Amino acid sequence: MSTSPSPVSSAVAPVRAGQLWQDMAPDMVDRERMLRVLALTDTHAECVVERDKQGTAGRKARPLAIRRFATSAFKLIEDAVDDADQALYTRFLAAMTGVQGAHPSPVEYATAALRVHHELTAEAAKAQG
């Protein structure tokens, strides 16, 4: 079960805590100003400046209206990963790194991924009854 907050929709993508957005305002593009979403209310996003060539990185930005993310004013650079996705990724990564040999073949990697897929399918079926 995911502990991530529910996303708030925009026309571009759901706005979620953890996402990285580039400020595309004409005066910000050259600065490469990037904002990380920290928290959401029903109407606003609380962000921190993660990168800015003018040196404002690390500072909190004023709350931004979520509807602004649906315009060309912002571009989604990095999406947030929720807890459920992270757990699945970790299982598949563990299976891939568990493939042994000096030169593993693509078939060996596919077999490892298929094994995890079968395990997940069996766990889901068991959970349903």
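What comes next is a walk through the structure. (Residues numbered from 1 in each chain as written. Predicted model: local features only at pLDDT ≥ 70, side-chain atom pairs only at ≥ 80, totals over all residues. Heavy atoms only, no water.)

**Quick notes on the nonpolar core**
Turning to step 1, where the next piece is worked out: With 13 residues, the main nonpolar core has Leu35, Cys47, Phe69 and Phe74 as its most contacted residues.
Turning to step 2, where the next piece is worked out: The leading source of residues in this core is strand β3 (residues 44-51), at three residues.
Turning to step 3, where the next piece is worked out: Counting residues in hydrophobic clusters, the runner-up holds five residues, among them Ala95, Val99, Ala112 and Val116. (Core = buried A, V, L, I, M, F, W, Y, C linked by side-chain atoms within 4.5 Å. Buried < 20%, exposed > 50% of the residue type's maximum accessible area, 1.4 Å probe, protein only. Helix = DSSP H or I, 4+ residues; strand = E, 2+ residues; numbered from the N terminus.)

**Comments concerning the pairing of strand β1 (residues 20-23)**
Turning to step 1, where the next piece is worked out: Going residue by residue along β1, you find Leu20 and Gln22 tucked away on one face and Trp21 and Asp23 tucked away on the opposite face as well.
Turning to step 2, where the next piece is worked out: Where β1 meets strand β2 (residues 34-40), three bridges bridge the pair, whose relative direction is antiparallel. Its bridge partner being in β2, Trp21 is matched across the sheet by Leu35.
Turning to step 3, where the next piece is worked out: Strand direction decides the pairing type here: β1 and strand β5 (residues 74-78), joined by four bridges, are antiparallel. When the bridges of β5 are listed, Gln22 appears paired with Lys75. (Pairing = 2+ DSSP bridges.)

**A look at unusual backbone geometry**
Turning to step 1, where the next piece is worked out: Positive phi values are uncommon outside glycine, yet Glu32 reaches one of about 50°.
Turning to step 2, where the next piece is worked out: Tracing the backbone shows Glu32 in the loop between β1 and β2.
Turning to step 3, where the next piece is worked out: We classify Glu32 as partly exposed; its relative accessible area is 29%.

**Here's the deal with the side chain of Asp23**
Turning to step 1, where the next piece is worked out: Secondary-structure assignment places Asp23 in strand β1.
Turning to step 2, where the next piece is worked out: Among the polar contacts made by the side chain of Asp23, one reaches the main-chain amide nitrogen of Ala25 at a distance of 3.1 Å.
Turning to step 3, where the next piece is worked out: Side chain to side chain, Asp23 and Arg33 meet in a polar contact 2.9 Å long. (Polar contact = N/O pair within 3.5 Å; in protein donor to acceptor, adjacent residues only side chain to side chain.)

**Let's talk about the pattern of salt bridges**
Turning to step 1, where the next piece is worked out: Inspection of the entire model under this criterion finds eleven salt bridges.
Turning to step 2, where the next piece is worked out: Put simply, Asp79 and Arg16 hold a salt bridge, and the shortest N to O gap is 3.5 Å. Note that Asp79 is positioned in the loop between β5 and α1 (83-97) and Arg16 in the segment before β1, a separation of 63 residues in sequence.
Turning to step 3, where the next piece is worked out: Between Glu78 and Arg36 there is a salt bridge, and its shortest N-O distance comes to 2.8 Å. Residue Glu78 is located in strand β5, and its partner Arg36 is located in strand β2; the two are separated by 42 residues in the primary sequence.
Turning to step 4, where the next piece is worked out: A residue is classified by how much of its surface remains accessible, and Glu78, at 37% relative accessible area, is partly exposed.
Turning to step 5, where the next piece is worked out: Taken together, the shared-partner salt bridges in this structure form one network comprising Asp23, Arg31, Arg33 and Asp52. (Salt bridge = Lys/Arg side-chain N within 4 Å of Asp/Glu carboxyl O.)

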